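Close look at the chain arrangement
Below, each chain spelled out in residue letters.
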Amino acid sequence: GNTQAVVSFTAPASNGGAAITSYTITATPVGGGSAVTASGSTSPITVTGLTNGTSYTFTVTATNSAGTGSASNASSAITLPVFNALTANQNAIAGKSAAFMTGVNLGSTQWQVSIDGGVTWTNLTNNSTYDGVTTNVLEILGITTAMNKNRYRYQVTLNNQTTTSAASVLTVGTAFLLLPVGVQVDAAGNLYVSDAAGQTVRKISNDFKISTLAGHALNQGSTDGVAATAKFNEPSGLVLNTDNSLMLADTSNATLRQISTIGTVNTFAGTSGSKGSTDATGTAARFSTPIGITRDGSGNYYVTDQTSHTIRKISASGIVTTLAGTAGQSGSVDGPGAAARFNLPTGITSNAQGDLYVSDLGSHLIRKVTAAGAVSTLAGQAGVSGSADGSGTAALFFKPAGLAIDSTGNVYVADMGNSTLRKISASGVVSTLAGLPTIDGLMDGAGSNAWFAEPEGLTLDSAGNIYVADTANAVLRKVTPEGLVTTLALVGTAPQIITQPVSITINSGGKATFSVLAIGDAPMSYQWKKEDTNIPGMLTSSYSPAFGATSADVGNYTVAVTNEYGTTLSNAATLTVNGSAPASPNTRTSRSTGGGAPSYGFFALLALLAWRRRARCNSKRTPL
């Protein structure tokens, strides 16, 4: 198989009085066509250059010094197995699933695994770990870290001829995200992701290093503050400002939150714990379930207030008004402003002309809203779910969620219920760019050979690549304009110190307190040092001499902050006690090294058990 055949034969009873020097195999296509030959000195001989799926007969001739004898009788017709190229190497997350797929093969299929780099191969059987071991799709269920770098291939057998595919590699990564919902990309290629279950906003650099920009992992709340001192409650949609700060829809707090480039969080509009639909300014305004957010060129924000069934407009100064829909009244009616109706509006994006596009999740529609609030239906049928491509009402969606728009007016839709990525051209034609409708899974590939699991968030970079928050898979995916899907292989980072300890001068007996503020993946541990020597028991983000400062406390102090991905040492701060000799200068700057503390991902399973099916059981909102 695989465009070749290995032909075995028996030497003739007589060599004609001279030694046989070579044999020639001739492969003749059944039904006509060009024959293919191959020669060798002994059996077997491999004939290459054949066509898979074609039937051939084979003959052999022998040659000695006197010439070539007559051909043997032809073999029975043999059809070479047909097999399709294996899908690409796959990236997966421990605890999730993944799949390898090929096209439909001619012949029987058997998947194999190698755990020693391809040296030995074992046939797989269907069990709690593997499914589809004799089909064109191999599903790997409940992936573990022990599977990292396993190789997978398949064999196709037909007419006693076996074809073996090339191998693909499974890479198992850490669960850096629990429930990614919103995603944005800046001009430098950095990604920003809201993790609705992790209660954090993460930053992923353009070399795929992930860190926590704001929020305290797995700790919900509404506190404003810097980095880990700030708290969220189901952070969802987010949008970049021109200065690379963010505006976030903090869904269960019913507020909008500003996040600076260093992770400083402030409440911009709405009040935590007080829901409603009041139009007002800043914290006097009320939201019900803000979930999607976009921004126009004038600095106005637009929010889908999901369970109020309205589109809200927030000016740059924080004035909140209702642009379209009427609070508490659902439906799918097109019309101006308050006369229009939505049913769980979710995703939202805007074009350069100020028009808005809204995914009306409960009605399975994509709606268009002008800057003046006039609402029309762009694609889909109200109340009818499906996956059909086409124009206008011929196209069907199933719980469409996140949206993004490119510079030419194409709108991209995270079709959450179908687990696909859809494209609506500027002329209104809907097509499926990637994913296989109604199939949930994690598989990289092109078009329908790629799988998603309830994707929710979308964003586009300047090259037209689409980044997808693949929510139920807890990963980020990159989709090229042509529909090639890959999973981002994220790398953890050591803590980043954003507020260094400051030198202090006090009188003898006074109290001196050094403190540090660091951001990064939790949990983080601290170790204070004096002149590079650990101070026993000083393991928090601040340190004070126990009984007031004395001359014995004079010196240079640093703190090492550690998480799973490394250790960062702070700058030195000097304690000076009046009347004491000053400490020697220390010019050390913060640095990162390798090191280890418990993983952020350690908590993933518990969090996912609580959050994974929130779309099905949380009556407060249907998520992005």
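All figures in this text were calculated on a predicted structure; none of them were measured in a lab.

This part takes up the overall build of the protein. When helices and strands are counted, the protein shows two helices and 56 strands. The C-alpha radius of gyration of the protein comes to 32 Å, more than 25% above the 25 Å expected for a compact globule of 624 residues. Along the three orthogonal principal directions, the C-alpha set of the protein runs to about 115 × 75 × 40 Å. Counting every position in the protein, which comprises 624 residues, the buried fraction comes to 52%. Within the protein, contacts between residues separated by at least 24 positions form 52% of all contacts whose residues are at least 6 apart in sequence. Carbon and sulfur atoms make up 51% of the accessible area of the protein, which totals about 24,600 Å². If the 33 positive side-chain charges of the protein are averaged to one point and the 31 negative ones to another, these points end up 4 Å apart.

This part takes up the sheet that holds strand β31 (residues 345-350). Within the open sheet, the five strands sit side by side as β30-β34-β33-β32-β31. Their pairing is antiparallel. In this open sheet, the two edge strands, each paired with only one partner strand, are β30 (335-336) and β31. The pairing of strand β33 (residues 365-369) with strand β34 (residues 374-379) spans four bridges and is antiparallel. Across the sheet, I366 pairs through a bridge with A379, a residue of β34.

What follows is about the confidence of the model for the protein. For the protein, the average pLDDT comes to 90, and 91% of its residues sit at 70 or higher. Overall, residues 594-624 carries pLDDT values under 50, and its contacts beyond four positions in sequence, including any with other chains, amount to 97 contacts.

Attention now moves to the side chain of S245. Relative to the helices and strands, S245 is located in the loop between β22 (235-240) and β23 (246-250). On the basis of relative accessibility, which here comes to 13%, the residue S245 falls in the buried class. Of the polar contacts made by the side chain of S245, one reaches the side chain of D243; its length is 2.6 Å. Setting aside anything within four residues of it in sequence, one finds S245 in contact with V239, L240, I259, S260 and T261.

As for its position among the elements, N150 is in the loop between β13 (137-140) and β14 (151-158). Within the structure, the side chain of N150 is placed 3.3 Å from the side chain of Y152, a separation counted as a polar contact. Not counting residues within four places of it along the chain, the set of residues in contact with N150 comprises V113, S114, I115, Y130, S168, V169 and L170.

Looking now at the nonpolar core. L124, Y130, I140, Y152 and L170 are the most contacted members of the largest nonpolar core, which totals 21 residues. Every element with two or more residues in this core is listed here: β8 (90-93), β9 (98-101), β10 (108-114), β13, β14 and β16 (168-173). By residue number, the principal contributor to this core is β14, which donates three residues. Beyond its immediate sequence surroundings of up to four residues, I140 is in contact with K96, S97, A98, F100, T129, Y130, M147, Y152 and L170. Ranked by size, the runner-up nonpolar core spans 19 residues in total, among them I497, I506, A512 and V554.

The final tally for this structure, using the stated rule, is ten salt bridges. Its salt-bridge partner being D224, residue R257 comes within 2.9 Å of it at the nearest N-O pair. Taken together, the residues span a long stretch of sequence, with R257 in strand β24 (residues 255-259) and D224 in the loop between β20 (209-214) and β21 (225-226) at a distance of 33 residues.

So, on to the layout of surface pockets. Roughly 1,000 Å³ of internal volume is contained in the largest pocket. As for the largest pocket, its lining consists of 42 residues, and the residues nearest its centre are Q184, T349, I405, T459 and L460. Contributions of two or more residues to the lining of the largest pocket are made by β17 (180-185), β22, β26 (290-295), β31, β36 (400-405) and β41 (457-460). The leading source of residues in the lining of the largest pocket is β17, at five residues. Considering only residue class, the lining of the largest pocket consists of 17 nonpolar, 19 polar and six charged. Estimated volume of the second largest pocket: approximately 290 Å³. For the second largest pocket, the lining is made up of 22 residues, of which H216, A228, G520, A522 and M524 are closest to its centre. Looking at the lining of the second largest pocket, the elements with two or more residues in it are β20 and β49 (517-519).

Take the sheet that holds strand β29 (residues 320-324) next. By definition, the strands of a sheet pair up through backbone hydrogen bonds, in either a parallel or an antiparallel sense. Pairing is antiparallel in the open sheet, where four strands are placed in the order β26-β27-β28-β29. The outermost strands of the open sheet, each flanked by one partner alone, are β26 and β29. In this sheet, adjacent strand axes meet at a mean angle of 30° when their direction is disregarded. Examined bridge by bridge, β26 and strand β27 (residues 301-305) share five bridges and lie antiparallel to one another. By the bridge assignment for β27, R295 is matched with Y301.

Reading guide: rules and limits
- The residue numbers shown here count from 1 along each chain, following its written sequence.
- With pLDDT at 70 or above as the cut-off, local features in this predicted model cover only qualifying residues; side-chain atom pairs require 80 or more to be listed or tallied, and sums for whole chains, interfaces and linings still use all residues.
- Derived side-chain values reflect all non-hydrogen atoms in the structure, with water molecules and hydrogen atoms excluded from consideration.
- Helix numbers and strand numbers start at the N terminus; a helix is a DSSP run of H or I with at least 4 residues, a strand a run of E with at least 2.
- Note on method: radius of gyration uses C-alpha positions; expected globular size equals 2.2 Å times residues raised to 0.38.
- Type-normalised accessible area, obtained with a 1.4 Å probe on protein chains alone, sets the label of each residue: buried when under 20%, exposed when over 50%, and partly exposed for intermediate values.
- Whether two residues are in contact is decided by their heavy atoms, any of which lying within 4.5 Å being enough.
- Under the convention used here, a 1.4 Å probe and the Shrake-Rupley method define accessible areas, while residue burial counts only the protein chains that appear.
- Asp and Glu count as negative and Lys and Arg as positive, but His and the ends of the chain are not part of the count.
- For the purpose of locating charges, the reference atoms are NZ of Lys, CZ of Arg, CG of Asp and CD of Glu.
- The pairing criterion is simple: DSSP has to find at least two bridges between the two strands.
- Residue-level confidence of the predictor is summarised by pLDDT, bounded by 0 at the bottom and 100 at the top.
- Whenever a nitrogen or oxygen atom comes within 3.5 Å of another N or O atom, the pair is scored as a polar contact, on the condition that within protein one atom can donate a hydrogen and the other can accept it, and that pairs from neighbouring residues in sequence are kept only if both atoms are in side chains.
- In these notes, a set of buried Ala, Val, Leu, Ile, Met, Phe, Trp, Tyr and Cys residues joined through side-chain atoms within 4.5 Å is what counts as a nonpolar core.
- Throughout this description, the term salt bridge denotes a Lys or Arg side-chain nitrogen within 4 Å of a carboxyl oxygen of Asp or Glu.
- Within this scheme a cavity is a closed region of a 1 Å grid, computed over the protein atoms alone, that accommodates a 1.4 Å probe without allowing it to escape, whereas a pocket is open but has protein on both sides within 12 Å along at least five of seven lines; lining residues each have an atom within 4 Å of a point.
- Grid points are joined across faces, edges and corners, and a volume is the space filled by probe spheres set on the points.
- For this classification, the nonpolar set comprises Ala, Val, Leu, Ile, Met, Phe, Trp, Tyr, Cys and Pro, the charged set comprises Asp, Glu, Lys and Arg, and every other residue, Gly included, is treated as polar.
- Axis definition: a line fit to C-alpha positions, over the contact stretch in the case of helices; interaxial angles, taken between N-to-C directions, run 0 to 180 degrees.

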